[in-house]
Amino acid sequence: MASERQVTANRINARKSTGPKTRAGRQRIRTNAYRHGLAAVFNRESRAEIEIIARELAGDTTNPIILQHARDAAYAVFVLARIKVLRIAWVQRAYELGTVEFPPKSAIRKSFFAFLEGKAGLMALPFQTMPPEGPERLSEAIHRALTQLANLDRYEARAVALRNRAFRVLVSLQGKN
């Protein structure tokens, strides 16, 4: 059993780890899934595809609990497929452009004005610093996209956990029927 002091410390720590407090902070994290492209799962065509996969997983059952777990599993499978496509797209973009993201306008503007004033040369574009075609370029592209790829790990882990949990429940419920 936890002591009164430990309970108090746990409560204080829990209050600290509840996410952003300010309106700007909450607004910033609201768009995480959009930034990664995972929010596109919620369009009508995707929902129809998810429903088809769910019906295949559930079989001919009309049990709403089984159907809901089948929908959860289908959603997770769909998200995992989307993550796989995003990983490939980001590496391909880094391979072709030398970066996953465009440099901020302020950096381009500062470089341009510094060039006009004769203080420095123009900022090197990312693709100009990439090795020539071949394995070295692919390696560099993966290295440059690594940060974005690592950001997907949390979404992927969550989808894998949802899929596995839903499949376990589906197997146990369908085994009882």
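Please refer to the structure placed before this passage.
Note that the structure is a prediction, hence the values are computed from the model and not measured.

Asks: Looking at this model, I keep getting lost on the pattern of salt bridges. Mind explaining?
Replies: Close approach of charged atoms allows side chains with opposite charge to pair. Per the stated rule, a full pass over the model turns up 5 salt bridges. Residues Arg 55 and Glu 51 are paired through a salt bridge, measuring 3.3 Å at the closest nitrogen-oxygen approach. Taken together, the residues Arg 55 and Glu 51, both in helix α4 (residues 44-58) and 4 residues apart, mark about one turn of the helix. With its nearest N and O atoms 2.8 Å apart, the salt bridge here joins Arg 144 to Glu 140. Linking Arg 144 with Glu 140, this pair stays in helix α7 (residues 135-176), spanning 4 residues, or about one helical turn. Given a relative accessible area of 25%, Arg 144 falls into the partly exposed group. Put simply, Glu 51, Arg 55 and Arg 71 are held in one network by salt bridges that share partners.

Asks: Explain the packing of aromatic side chains to me, please; I cannot follow it from the model alone.
Replies: Each aromatic ring pair is described using two quantities: the centre-to-centre distance and the angle formed by the ring planes. Per the counting criterion, the structure on display carries 0 aromatic pairs. Positioned over the ring face of Tyr 95 is Arg 137, at 5.3 Å from the centre of the ring. The aromatic ring of Tyr 155 is capped on one face by Arg 154, whose charged end is 4.9 Å from the ring centroid.

Asks: Got a minute to help me understand a nonpolar patch on the surface in this structure?
Replies: On the surface, Leu 138, Ile 142 and Leu 146 cluster together into a nonpolar patch covering about 240 Å² of accessible area. Position of Ile 142 relative to the elements: it lies in helix α7. The exposure class assigned to Ile 142 is partly exposed, which follows from its relative accessible area of 36%.

About the cut-offs
Residues numbered from 1 in each chain as written. Predicted model: local features only at pLDDT ≥ 70, side-chain atom pairs only at ≥ 80, totals over all residues. Heavy atoms only, no water. Salt bridge = Lys/Arg side-chain N within 4 Å of Asp/Glu carboxyl O. Helix = DSSP H or I, 4+ residues; strand = E, 2+ residues; numbered from the N terminus. Buried < 20%, exposed > 50% of the residue type's maximum accessible area, 1.4 Å probe, protein only. Phe/Tyr/Trp six-rings, centres within 6.5 Å; stacked < 30°, edge-to-face > 60°. Lys NZ or Arg CZ within 6 Å of the ring centre and 35° of its normal. Patch = residues over 30% accessible without salt bridge, like charges linked within 9 Å, V, L, I, M, F, W, Y side chains within 5 Å. Areas by Shrake-Rupley, 256 points an atom, 1.4 Å probe, with all protein chains shown as cover.

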